[in-house]
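Examining the three-dimensional arrangement
Here are the chains, one letter per residue:
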Amino acid sequence: MFINYTGVYCWALELTPSHLRSLTTGSIMNIEQLGYIVITLYGYLIPSWRNIFLAVGITNFILMIPLFIYPISPRFALIRGREKEARGTLQSFSKLCNNRTSMSTVKLAYQKIAQNFLGQIKDFKIYPTMRRETILGVIGWFVIAFLFYGFSFGWARISSDLYTGHVASALSKIAGQSLTIPLCNSIGRKKTMLLVLGTGLFSNLLAMPDLILFGIWTLEFVACLLGNLSCSAAFTVIYLYSAELAPTSHRGMVMSLSSATARVGSFSGTYVGFLYAITDRRVPLALFAGLTALSMVVIWCLPDTTGRSIPETPLDVEIFAGNNEVVNARRKAVDGEMIKNPVAEL
């Protein structure tokens, strides 16, 4: 499921212009939350767990059908040297926009990078900025997934009713993820991340006092909803942030590595709920607060990608970072290869 999710997101990002990427990301994440509500309804309305799994399986099968008709990303196709497929996709989009320009007459400028997994791993040694940004991003993914799923599976802290907690959590996620769209467009990716993480830090501190507001709603319940909202917003922006930092040639690898690390954080975060039974409830809240502060430090060390074109190659990452030493060294190395091998691909 997460392989499919990551692949679809990379595909969508590479087809989206910079000024619409926050809208696209928020929309994708909100559709995911609608899926959570549907699953909750399955559990509430269907009495047999076998029939629940059958309903989920049928739903997944139906949603897989569009994957067979999606066109390939032109960015990815060009990086892999598949120019004919890239032109076909661009021609299809051109017709949708009522543009009569023939893509066969357009000259496409690109650099082919056909690497295997080991070749991409070696690039992290050659390109320090890409290595540093990937490591920081992976740390951010782990912490945010830890917080996200720590809240998502702590339903008892949101409501005493399981189904109400699921729906309330999904609605708060939709609110948080929708909020990232105008925030990313107005103040940028980095400031949005710091703002929503700061809100999450505040919510953990807010949940510590024992205070009943009305009925079953306590200050802790309200703070958990606020924390859930901030975590979902942070999870939305970290997807966008990481995808815009990674070059097209390595985006699939970077996003898969980040998502895999997030899985470790996600199942680790769910165990925090056990701390409520063996220690004071302020202990897990303090743990959440400390990890939120750590993620803010990580984001602070990353550059803002707002309004910037996404890099196509690792060299583009170094150029965007102004790392002239590496850029000049790599260009000299490429020039040297061209002198030794005049028939090498340009």
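To be clear, the structure that these remarks concern was listed above.
Below is a short write-up of the structure. (Residues numbered from 1 in each chain as written. Predicted model: local features only at pLDDT ≥ 70, side-chain atom pairs only at ≥ 80, totals over all residues. Heavy atoms only, no water.)

Counting its regular elements, the protein chain contains 15 helices and two strands. Relative to the compact-globule value of 20 Å for 346 residues, the protein chain shows a C-alpha radius of gyration of 23 Å, a close match. The principal-axis extents of the C-alpha atoms in the protein chain amount to approximately 75 × 45 × 35 Å. Within the protein chain, counting contacts between residues at least 6 apart in sequence, those at least 24 apart form 77% of the total. For the protein chain, the accessible surface area stands at approximately 18100 Å², while carbon and sulfur atoms represent 69% of it. (Helix = DSSP H or I, 4+ residues; strand = E, 2+ residues; numbered from the N terminus. Rg over C-alpha atoms; globule rule 2.2 N^0.38 Å. Contact = heavy atoms within 4.5 Å. Areas by Shrake-Rupley, 256 points an atom, 1.4 Å probe, with all protein chains shown as cover.)

Ring pairs (aromatic) are described by centroid distance and by the angle formed between their planes. Counted under the stated rule, the structure contains eight aromatic pairs. Ring centres of Tyr9 and Tyr239 lie 5.2 Å apart, and the angle between their planes is 70°; this geometry places the pair in the edge-to-face category. One end of the pair, Tyr9, is in helix α1 (residues 2–15); the other, Tyr239, is in helix α10 (residues 219–245), with 230 residues separating them in the sequence. Each of the two residues, Tyr9 as well as Tyr239, counts as buried. Through a chain of ring-to-ring contacts, the aromatic side chains of Tyr9, Trp141, Phe235 and Tyr239 assemble into a single cluster. (Phe/Tyr/Trp six-rings, centres within 6.5 Å; stacked < 30°, edge-to-face > 60°. Buried < 20%, exposed > 50% of the residue type's maximum accessible area, 1.4 Å probe, protein only.)

Applying the stated criterion to the full structure yields seven salt bridges. Residues Glu14 and Arg251 are paired through a salt bridge, measuring 2.8 Å at the closest nitrogen-oxygen approach. Of this pair, Glu14 sits in helix α1 while Arg251 sits in helix α11 (residues 251–270); the two residues are 237 residues apart in sequence, bridging distant segments of the chain. The class of Arg251 is buried, set by a relative accessible area of 0%. Across the pair Asp280 and Arg282 runs a salt bridge, and its minimum N-O distance is 3.2 Å. (Salt bridge = Lys/Arg side-chain N within 4 Å of Asp/Glu carboxyl O.)

A cluster of nonpolar side chains, contributed by Leu54, Ile58, Phe61, Ile62 and Ile65, occupies part of the molecular surface with about 520 Å² of accessible area. Locating Ile65 in the fold gives a position in the loop between α3 (49–64) and α4 (74–79). The exposure class assigned to Ile65 is partly exposed, which follows from its relative accessible area of 46%. (Patch = residues over 30% accessible without salt bridge, like charges linked within 9 Å, V, L, I, M, F, W, Y side chains within 5 Å.)

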